[in-house]
Amino acid sequence: MKEKLVIIGNGMAPGRALEKLFETDPDRYEVVIFNAEPRVNYDRIMLSPVLSGEKSFDDIVIHGDAWYIKHGITLYKGCKVETIDRVNKTVTSVNGITESYDKLVIATGSVPFIIPVPGVNLAGVVTYRDLDDVNVMMLAAKAKGRAVVIGGGLLGLEAAAGLNEQGMDVTVVHVMPTLMERQLDPAAGYLLGESMKARGIKVMTSANTKQILGDKRVTGVEFADGSVIPADLVVMAVGIRPNVTLAKTAELAANRGIVVDAQMRTSDPSIYALGECVEVSGATFGLVAPLYDMANVLAAQLCGDEKATFTPVATATRLKVTGVNLYSAGDFAEGDDREEIVLRDASAGVYKRLILKDDKIIGTVLYGDTGDGPWFYDMLKRNVDTREMRDTLIFGQNYQGGAPLDPTAAVAALPDEAEICGCNGVCKSKITGTITAKGLTSLDDVRAHTKASASCGSCTGLVEKLLLLTLGDSYNPAAVQPMCKCTDLGHDDVRRLIIAKELRSIPQLMQELEWKTSCGCAKCRPALNYYMIATWPGEYEDDGQSRFINERVHANIQKDGTYSVVPRMWGGMTSPNELRAIADVADKFRIPAVKVTGGQRIDLLGVKKEDLPGVWADLNAAGMVSGAAYAKGLRTVKTCVGSDWCRFGTQDSTGLGIKLEKFMWGSWTPAKVKMAVSGCPRNCAEATCKDVGVICVDSGYDIVFAGAAGLDIKGTEPLCHVDTEEDAIEVIAALTQLYREQGRYLERMYKWLKRVGMESIQASIVRDLEKRRFYYDRFVFSQKFAQVDPWEERVNGKDAHEFAALAEFGVPQAAE
Amino acid sequence: MNDWIEIGRLEQVPLRGARCVNTPAGKIAVFRTAENQVYAIENRCPHKGGPLSEGIVHGGSVTCPLHNWVFDLATGEAQGADEGQVRTFAVNVVDGRIFMAAEVMLMAAE
């Protein structure tokens, strides 16, 4: 008599296992299948093309009814199994069908994860898991209304694209900052988001769903920040989890998934499990490749081959959205035992990244051009040593000749008519021909004669390689100091390109300017964050994680990890009330040191990080704000007592200092900016060693700048003389703005002056009043968004995570 | 010992940032990279004791806020010309919840 094999679930994994079983030993088992869905086995992966209308259900059926008949399989459609009786070896369905088994296979798959928010049970809220869900969505799409897809992973994006194809107005909301963060790095996630937007799908990232609105039917979705999007259909596609309900009822070992060993055996020797419902060595699986591997193992086990075992391997992901080319495989996290190769072609929208360890590929992310994905994946699986082809690996299989090629050779291999400069339409032979004909020797020559790389500059590397190819060793590239190891571009090029290409975020910049690392380094990130803030005031959202700790928590870190706190004292003036508040704060928080600074303020030293918001709250309550003593920005405006008190004073230097500080506080600059106003040429406020100084004289105000009294000691240079306070303020603001726009990050004003020259600065700020006004107006505009007290924001809860531990584990209390 | 203690949720640690777990024997810095990898290391630079949790996180590394030493988060090893190492601790992320080996806390308590 045949053994009886009962299978619970009729998805792709048991389907594949049966195919294998019938190939090896077709007569061994009598097979019975319970399928909770009322249909045959179909290709669940292809539901997305069904939703978008590119395929029909019949196209995606794997096993039609005839297949079940041919193999003598009893298939119960629409029969969900409710109980397993392990003692008597029977299973019973909800509708009362009982079958006995010799061997049982559990393949209950997964269930969609529903985020626990109010409103998930409203009509019009669906998940995306099976054909029934697709049918509901297609019906809803007929009304061409608005759909919100919650979840920016593989499933959510496919659902969004499908609904968009069906004519709905679709918004994807995703809780993480970039899409598909489990399969893609942020750079590729950014490109994917842009491509979704290009096809008319709105994308909201970092969006926390608070509740789904509606009475009986869904009407909209509300987010944690209070915003609301109207919706007629809400698709919940945030993820799946193994369906272990039945296995747990039967008291089989299960954690997240049903626990099976490498032979796919559960804790009961007669019961196997496979597919999305299982857990192997703590891992669960959602992509089809490992599930098919499990199917092969299970089939072998069922045929008595106990040696067959399941070993998880890295899997590759593709997004099944027509027109989006995206491929990821393996492990693409960074690590210092790993190397990465990044190729970006901004104009073609291509991003390729390979992650290598010990010269072997361990992961890849491809966007735009995914043709070499399977080749990389194949080498990954086979552990191929790539040392020999290292230099040209990223260019793909077509560049791998018999002999190792270098990157210059890859450029040499380009045909004569290959376009090098997309902006100006310059091809390779035009560049090489002109270099030879005109005897050009430098990049600037090529730019002047051919215009290649003269616009956006992103083909500069290619043009340089052509120079090298044509001139050989006699070519000596001009030495532009790159910003850091992540790019070949210098600071000035980056600033120019931010404006020319309207780069408005760091991920966008890294993509468009072909950054060589995926998320920069501790050198370039703070610089880029400043350039963004200075270029796009009011639009760019500050990235705290790209700031040094002091600017992130608005206090100065000390050698022992405590902080110092310096409140503003406008122009160095204070009052009994402020001093009392400072004294009270020092007492209350047991602040160990209180010191007078060189900038005429008071420094509270040794404040514990968790006490910072409390200290600030008390200082705020007394009317004090952050002194920005930590900032690449305006620090202090030091003053003397001037004509108010001093018998030599010529003007109200204290008053002008206070006006300047109140006008200019909060502004971010390339490096710190210290100012001073002295009431007479005796210069008690030491204005002649500051970044900007004012020396009051009888006839008005001498403005000086570019002094330093730190690493370098340097007296200021005279800028100009003005007659009124108003003019002094306008000149200083315009000068600061020019510095904000031209200065390289961390370049103090005196170094900026040395680099650009007095002539160009005076031309803009002193001699041309229209230009001065232009810079002044831009400074005023930028200040509209800058003058927010960071302490008050944090007292009110911003970045609360900065000031509390993630978890506390105290010393266990001894039992009494 | 295979006991894991939950220390918090993934979203409680900022992307490209870190939070601390306080234990009787000192702080453990829990990092989350741009790519949602989670690592835990001793929150103390071997150079001058800088709090590594306050550094800028880039790729799989952190730069110490005091003197710019760079550490690999996975191995705890100092990078470049600097020589040194910080302790690393096993963490595990399941369904967005971060777990740390219980033995870490016990060791710390001893």
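Residues numbered from 1 in each chain as written. Chains lettered and ligands numbered in written order. Predicted model: local features only at pLDDT ≥ 70, side-chain atom pairs only at ≥ 80, totals over all residues.

## Things to note about the overall build of chain A
Phase 1 of the analysis: The helix and strand tally for chain A stands at 26 helices and 41 strands.
Phase 2 of the analysis: Long-range contacts, defined as pairs at least 24 residues apart, comprise 62% of the intrachain contacts of chain A with a sequence gap of at least 6. (Helix = DSSP H or I, 4+ residues; strand = E, 2+ residues; numbered from the N terminus. Contact = placed C-beta atoms within 7 Å.)

## Some words on the overall build of chain B
Phase 1 of the analysis: Within chain B, the secondary structure is distributed over 1 helix and 10 strands.
Phase 2 of the analysis: Moving toward the C terminus, one meets the helices and strands of chain B in the order β-β-β-β-β-β-β-β-β-β-α.
Phase 3 of the analysis: Out of the 110 residues in chain B, the part that is buried amounts to 49%.
Phase 4 of the analysis: Of all intrachain contacts in chain B linking residues separated by at least 6 positions in sequence, the fraction that spans at least 24 positions is 42%. (Buried ≥ 20, exposed ≤ 12 C-beta atoms within 10 Å, placed from the backbone.)

## A short note on the pairing of strand S35 (residues 673–678) of chain A
All names here are of chain A.
Phase 1 of the analysis: Counting buried positions over the 6 residues of S35 gives 6, a clear majority of the element.
Phase 2 of the analysis: Burial along S35 is two-sided: Val-673, Met-675 and Val-677 and Lys-674, Ala-676 and Ser-678, pointing in opposite directions, are all buried.
Phase 3 of the analysis: In terms of strand pairing, strand S34 (residues 634–639) meets S35 through 4 bridges, oriented parallel. When the sheet's bridge partners are listed, Thr-639 is paired in S35 with Val-677. (Pairing = 2+ DSSP bridges.)

## Thoughts on the sheet that holds strand S37 (residues 700–705) of chain A
Picture the strands of a sheet paired through backbone hydrogen bonds; they go either parallel or antiparallel.
Residue and element names in this part refer to chain A.
Phase 1 of the analysis: Reading across from one edge, S34-S35-S36-S37-S40 is the order of the 5 strands in this open sheet, with mixed pairing throughout. Two strands lie at the open edges of the sheet, namely S34 and strand S40 (717–722), each paired on one side alone. Adjacent strand axes in the sheet meet at a mean angle of 15°, parallel and antiparallel pairs treated alike.
Phase 2 of the analysis: Strand direction decides the pairing type here: S35 and strand S36 (residues 692–697), joined by 4 bridges, are parallel. When the sheet's bridge partners are listed, Ser-678 is paired in S36 with Ile-695. (Axes fitted to C-alpha atoms, helices over the stretch in contact; angles between N-to-C directions.)

## So, the interface of chain B and chain A
Phase 1 of the analysis: In this complex, chain B contributes 41 residues to the contact, which on the side of chain A involves 33 residues.
Phase 2 of the analysis: Within the residue set of the side of chain B that touches chain A, elements represented by two or more residues are strand S1 (4–9), strand S2 (17–23), strand S5 (56–58), strand S6 (61–63) and helix H1 (102–109) of chain B.
Phase 3 of the analysis: A total of 6 residues in the side of chain B that touches chain A trace back to one element, the largest contributor, which is S2(B).
Phase 4 of the analysis: Partitioning the side of chain B that touches chain A into residue classes produces 18 nonpolar, 16 polar and 7 charged.
Phase 5 of the analysis: Judged from the 2 bridges that link them, strand S41 (residues 807–808) of chain A and S2(B) form a sheet pairing that is parallel. For A:Glu808, the partnering residue across the bridge sits in S2(B) and is B:Asn22. (Nonpolar A, V, L, I, M, F, W, Y, C, P; charged D, E, K, R; others polar.)

## Here we look at the sheet that holds strand S16 (residues 218–223) of chain A
All names here are of chain A.
Phase 1 of the analysis: The 3 strands are arranged S15-S16-S17 in an open sheet whose pairing can be described as antiparallel. The open sheet terminates on both sides in strands that have one partner only, identified here as strand S15 (209–214) and strand S17 (228–230). The average undirected angle you get between the axes of adjacent strands in this sheet is 20°.
Phase 2 of the analysis: As paired elements, S16 and S17 share 3 bridges and run antiparallel to each other. Residue pairing across strands places Gly-220 opposite Pro-230, the latter belonging to S17.

## With respect to unusual backbone geometry
All names here are of chain A.
Phase 1 of the analysis: With phi around 45°, Met-180 is a residue other than glycine that occupies positive phi space.
Phase 2 of the analysis: Looking at the element boundaries, Met-180 is found in the loop between strand S13 (169–173) and helix H6 (186–198).
Phase 3 of the analysis: With a phi angle near 70°, Asp-359 is a residue other than glycine that sits in the positive phi range.
Phase 4 of the analysis: Position of Asp-359 relative to the elements: it lies in the loop between strand S26 (350–357) and strand S27 (360–367).

## Structural notes on the packing of helix H18 (residues 576–588) of chain A against helix H19 (residues 612–621) of chain A
Residues and elements named next belong to chain A.
Phase 1 of the analysis: At a minimum axis separation of 9 Å, H18 and H19 run at an interaxial angle of 160°. If you check the angle between H18 and H19, you find them roughly antiparallel. The handedness of the crossing between H18 and H19 is right-handed. Along its contact with H18, which presents Ala-581, Asp-584, Val-585 and Lys-588, the element H19 presents Val-615, Asp-618 and Leu-619.
Phase 2 of the analysis: Within the contact of H18 with H19, the residues separate by chemical class into 4 nonpolar, no polar and 3 charged. (Parallel < 35°, antiparallel > 145°, perpendicular 65-115°, else oblique. Left-handed = near helix turned anticlockwise from the far one by under 90°.)

## Focus on the UniProt feature "binding site: [4Fe-4S] cluster" (unreviewed entry) in chain A
All names here are of chain A.
Phase 1 of the analysis: UniProt marks Cys-640, Cys-646, Cys-680 and Cys-684 with the feature "binding site: [4Fe-4S] cluster" (unreviewed entry), using the numbering shown here. A compact arrangement is adopted by the annotated residues: their sequence extent is 45 residues, whereas the largest C-alpha distance between any two is 10.8 Å.
Phase 2 of the analysis: Looking at Cys-640, the number of C-beta atoms within 10 Å reads 27, which means it is buried.
Phase 3 of the analysis: Setting aside anything within four residues of it in sequence, one finds Cys-640 in contact with Cys-646, Ser-653, Ser-678, Gly-679, Cys-684 and Ala-685.
Phase 4 of the analysis: Secondary-structure assignment places Cys-646 in the loop between helix H20 (642–645) and helix H21 (653–664).
Phase 5 of the analysis: Cys-646 sits in the partly exposed class, given 16 other C-beta atoms within 10 Å.
Phase 6 of the analysis: Look past the residues within four positions of Cys-646 in its chain and what remains in contact with it is Cys-640, Val-641 and Gly-679. (UniProt positions renumbered as here; feature names shortened; annotations may be inferred.)

## Brief notes about the confidence of the model for chain B
Phase 1 of the analysis: Scored by pLDDT, chain B comes out at a mean of 88, with 93% of its residues at no less than 70.
Phase 2 of the analysis: Scoring of the predicted complex yields 0.60 for pTM and 0.86 for ipTM. (pLDDT = per-residue confidence, 0-100.)

## Re the nonpolar core
All names here are of chain A.
Phase 1 of the analysis: Membership of the largest hydrophobic core comes to 87 residues, with the highest contact counts inside it found for Val-149, Leu-192, Val-234 and Val-235.
Phase 2 of the analysis: At 8 residues, helix H16 (residues 524–535) tops the list of elements feeding residues into this core.
Phase 3 of the analysis: In contact with Val-149, other than residues within four places in its own chain, are Gly-156, Ala-159, Ala-160, Val-170, Val-172, Val-235 and Ala-237.
Phase 4 of the analysis: Among the nonpolar cores identified, the runner-up in size contains 65 residues, and Ile-557, Val-565, Cys-696 and Leu-735 belong to it. (Core = buried A, V, L, I, M, F, W, Y, C linked by C-beta atoms within 7 Å.)

## Quick notes on the environment of A:Val607
Residue and element names in this part refer to chain A.
Phase 1 of the analysis: By the element assignment, Val-607 lies in strand S33 (residues 602–607).
Phase 2 of the analysis: The spatial distance from the C-alpha of Val-607 to the C-alpha of Gly-561 is 9.3 Å, given a sequence separation of 46 residues.
Phase 3 of the analysis: If sequence neighbours within four positions are ignored, Val-607 has contacts with Ala-555, Thr-562, Tyr-563, Ser-564, Val-565, Phe-589, Ile-591, Leu-612 and Val-615.

## Some points on the environment of A:Thr370
Residue and element names in this part refer to chain A.
Phase 1 of the analysis: Mapped onto the secondary structure, Thr-370 falls in the loop between S27 and helix H9 (373–382).
Phase 2 of the analysis: Separated by 46 residues in the primary sequence, Thr-370 and Val-324 have C-alpha atoms spaced 9.9 Å apart.
Phase 3 of the analysis: Among all residues touching Thr-370, those that are not within four sequence positions of it are Asn-325, Leu-326 and Tyr-327.

## Comments concerning helix H11 (residues 428–438) of chain A
Helical periodicity: at 3.6 residues per turn, an α-helix aligns residues three or four positions apart in one direction.
Phase 1 of the analysis: Among all positions of H11(A), only A:Lys428, A:Lys430, A:Ile431, A:Thr432 and A:Ile435 are buried.
Phase 2 of the analysis: Here the buried face of H11(A) lies against strand S28 (419–421), strand S29 (426–427), helix H12 (443–450) and helix H13 (460–471) of chain A.

## Focus: the environment of A:Asp492
All names here are of chain A.
Phase 1 of the analysis: Of note, Asp-492 is situated in helix H14 (residues 491–500).
Phase 2 of the analysis: Classification of Asp-492 as partly exposed rests on a count of 14 C-beta atoms within 10 Å.
Phase 3 of the analysis: Separated by 251 residues in the primary sequence, Asp-492 and Gly-743 place their C-alpha atoms 8.6 Å from one another.

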